[in-house]
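Residues per chain, in single letters:
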Amino acid sequence: MYTFLLGIVLLVVGYFTYGKFIEKMFGVKEDRATPAYVQSDEVDYVPMSTTKNSLIQLLNIAGVGPIFGPIMGALYGPVAFLWIVFGAIFAGAVHDYLTGMISIRNRGAHLPELAGQYLGKIMKHVVNAFAVLLLLLVGTVFVTAPAGLLYNLMDGWMAMGYILAAIFIYYILATLLPIDKIIGRVYPLFGLLLIISALGVGGGMIFTGADIPELTLSNLHPDNIPIFPLLFLTISCGALSGFHATQTPIISRTTQSEKQGRKIFYGMMIAEGVIAMIWAAAGMALFNGPVGLNELLAAGGPAMIVSEASTMLLGAVGGTLAILGVIILPITSGDTAFRSARMIIADYFKLAQGKVLSRLWIALPLFVLSFALTKIDFTLLWRYFSWANQTTAVIALFVGAMYLYIAKKNYWVALIPGTFMLYTTMTYILNAQIGFRLPMNVAYIGASVITIALVALFFVAANKARTDQIPLEEDVSGWGVKTI
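Given the structure is predicted, the values throughout are model-derived calculations rather than measurements.

K.L.:
Teacher, can you tell me more about the overall build of the chain here?
P.N.:
Looking only at helices and strands, the chain features 18 helices and 0 strands. Taken over C-alpha atoms, the radius of gyration comes to 21 Å for the chain, in line with the 23 Å a tight globule of 484 residues would show. The principal-axis extents of the C-alpha atoms in the chain amount to approximately 70 × 50 × 40 Å. Scored against the burial criterion, the 484 residues of the chain give a buried share of 59%. A separation threshold of at least 6 residues defines the contact pool for the chain, and within that pool the share at least 24 residues apart is 85%. Looking at the chain as shown, the accessible area adds up to about 19,000 Å², and 68% of this sits on carbon and sulfur atoms. One way to put it: in the chain the 28 positive side-chain charges average out to a point 10 Å from where the 24 negative ones average out.

Take a look at the structure:
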């Protein structure tokens, strides 16, 4: 298992090296007041500790993505490890850090507002609709996935409808109540269970000497599905995820100091990469290779793999704890998905959120739509989610690149992964059955033309934005000064 262990080491080293480089390049302002204080409203803008923010951020971003995605990505073989490791270090963690820090500099603004400021007013409207759609899909996926796991764990003694209802009730409360009332109190406990779950499965493979395959660039997928572009959409949250761009502003509104950003935003993405490595390795090692894994996925989906792997490695009691840790992941992302959607809509229409009724009028239609979507096949939902997710990541990376370009800093750290994922998502949607269904060779050419055109447009817009001196941050110089 040298490849697996080396991948874990590289992720940790990446946090202390490339993460430090990104932090220094961005330029932290330790004394600058953050939105948690400047915009304090005791609902969404509430100062919280670094530890609490880090655990909430990890649970926010780590839904079923770093588990279900890597399990399905394991069908391709150890090449999946490369995307998880290098994607997390050079794309995902950079994406999360820049999104979080730029949001802190701009009143805790969400992605649509940032896109409007740095990519143009039209993009604000486009990204707003796109982000709400993504969050609705995420919330729905993260209702059905844990419901299925709980149903299996209880051996069907509670009807699926009751389980779905219980999860929805929790989501409604977490969406409407102030962030420190439920999320701020229970997430540290959930975080502990998550860590125990991941360490239990990873440690179980190490101590039992699981046959985790070593690195090969060969495509081992039983159905011979091409690695590009599908692997880069299948494994999203464990390497790069646009969903994170909708979640980091939640914590940018509770962060006490910019200095905490690397640990909260960059570090928690690295932690998610470690979780993804563990579950990808479990998928490769425990089910007689890609063929056996593919058969189990066809029979019961990723949820069955989680249950089988946990019980196999940790026994009945330990396996149950591990499964509970996995169940917590989507639940603690689904609740903040709806919360984030509520905040984005409120920001877009400039609706105050101080009163519960004001939050309810926004949240209620979202839950009604989500309940209707639970009737759609999970696999189909996942395909739409994967494409929408990575397209959102492209937008967020281009926002980060534009910010750095205007600031005359190293914008390539965001533009290079953004361009790669732009080409990837365009290739996928041009070829996919849920897209334009073009032959793959035509999709490659079409994606190349679109990517080149959009990158060229980026440089034109970036030069204009720098000339116009688009503001990079809100002026908080007068905060705390008493006026008569």
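There's more to say after this.
K.L.:
Explain the packing of helix α8 (residues 121-153) against helix α12 (residues 243-252) here, please?
P.N.:
When two helices pack together, their arrangement is captured by the angle between the axes and the distance separating the axes. The interhelical angle for the contact between α8 and α12, taken along N-to-C directions, is 95 degrees, at an axis separation of 10 Å. The angle between α8 and α12 places the two elements in the roughly perpendicular class. Facing Leu134, Leu135, Val138 and Phe142 of α8, the residues of α12 in contact are Phe243, Thr246 and Gln247. Across the contact of α8 with α12, the residue classes tally to 5 nonpolar, 2 polar and no charged.

K.L.:
Where do I start with helix α2 (residues 18-26) in this structure?
P.N.:
Along an α-helix, residues three or four apart share an orientation, since each turn contains 3.6 residues. Listed in full, the buried residues belonging to α2 are Tyr18, Gly19, Ile22, Glu23, Met25 and Phe26. End-on, the buried residues of α2 take up no more than an arc of 165 degrees, which puts them together on one face.

K.L.:
Where do I start with the nonpolar core in this structure?
P.N.:
Generally speaking, a soluble globular protein has its nonpolar side chains buried in company with each other. Membership of the largest hydrophobic core comes to 167 residues, with the highest contact counts inside it found for Ile67, Tyr171, Met205, Tyr266 and Trp279. No other element matches the 21 residues that helix α14 (residues 289-349) contributes to this core. Residues within four places of Met205 in sequence aside, it is in contact with Met1, Ala210, Ile212, Ile278, Ala281, Ala282 and Leu313.

K.L.:
Help me understand helix α15 (residues 356-373), please; the structure alone is not making it clear to me.
P.N.:
Taking 1.5 Å per residue as the helical rise, α15 with its 18 residues ought to reach 26 Å, and the 25 Å between its terminal C-alpha atoms agrees with that figure. Its axis deflected by about 30 degrees at Ile362, α15 carries its strongest bend there, up to four residues before the proline Pro365. Residues Arg359, Ile362, Ala363, Leu366, Phe367, Ser370 and Leu373 constitute the buried set of α15.

K.L.:
Please clarify how the side chain of Ser54 should be interpreted in this entry.
P.N.:
Note that Ser54 resides in helix α4 (residues 50-61). We classify Ser54 as buried; its relative accessible area is 4%. Reaching out from Ser54, the side chain makes a polar contact with the backbone oxygen of Thr50 at a distance of 2.8 Å. Those residues in contact with Ser54 that sit more than four places away from it in its chain are Lys263, Ile264 and Met268.

K.L.:
Would you mind going over the environment of Ala407 with me for this structure?
P.N.:
Counting through the fold element by element, Ala407 comes out in the loop between α16 (378-406) and α17 (412-431). What makes Ala407 partly exposed here is its relative accessible area of 22%. Through-space distance from the C-alpha of Ala407 to that of Leu457 is 19 Å; in sequence the pair is 50 residues apart.

K.L.:
Please explain the pattern of salt bridges as it appears in this structure.
P.N.:
Tallying each qualifying case throughout the model produces 11 salt bridges. Close ionic contact of Glu473 with Arg32 constitutes a salt bridge, the shortest N to O distance being 3.3 Å. Of this pair, Glu473 sits in the segment after α18 (440-468) while Arg32 sits in the loop between α2 and α3 (35-38), placing them 441 residues apart in sequence. For Arg32, a relative accessible area of 9% translates into the label buried. A salt bridge links Asp44 to Arg339; its shortest N-O distance comes to 2.9 Å. Highlighted residues: Asp44 in the loop between α3 and α4 and Arg339 in helix α14, separated in sequence by 295 residues. Note on accessibility: Asp44 and Arg339 belong to one class, buried. Here the salt bridges do not stand alone but share partners, grouping Lys29, Arg32, Arg105, Glu258 and Glu473 into one network.

The rules behind the values
Residues numbered from 1 in each chain as written. Predicted model: local features only at pLDDT ≥ 70, side-chain atom pairs only at ≥ 80, totals over all residues. Heavy atoms only, no water. Helix = DSSP H or I, 4+ residues; strand = E, 2+ residues; numbered from the N terminus. Rg over C-alpha atoms; globule rule 2.2 N^0.38 Å. Buried < 20%, exposed > 50% of the residue type's maximum accessible area, 1.4 Å probe, protein only. Contact = heavy atoms within 4.5 Å. Areas by Shrake-Rupley, 256 points an atom, 1.4 Å probe, with all protein chains shown as cover. Lys, Arg positive; Asp, Glu negative; His and termini not counted. Charge placed at Lys NZ, Arg CZ, Asp CG, Glu CD. Axes fitted to C-alpha atoms, helices over the stretch in contact; angles between N-to-C directions. Parallel < 35°, antiparallel > 145°, perpendicular 65-115°, else oblique. Nonpolar A, V, L, I, M, F, W, Y, C, P; charged D, E, K, R; others polar. Arc of directions from axis to C-beta. Core = buried A, V, L, I, M, F, W, Y, C linked by side-chain atoms within 4.5 Å. Expected span 1.5 Å × (residues − 1). Bend = angle between axes of the 7 residues up to and from the residue. Polar contact = N/O pair within 3.5 Å; in protein donor to acceptor, adjacent residues only side chain to side chain. Salt bridge = Lys/Arg side-chain N within 4 Å of Asp/Glu carboxyl O.

Such coordinate-based values are descriptive only and should not be taken to indicate function.
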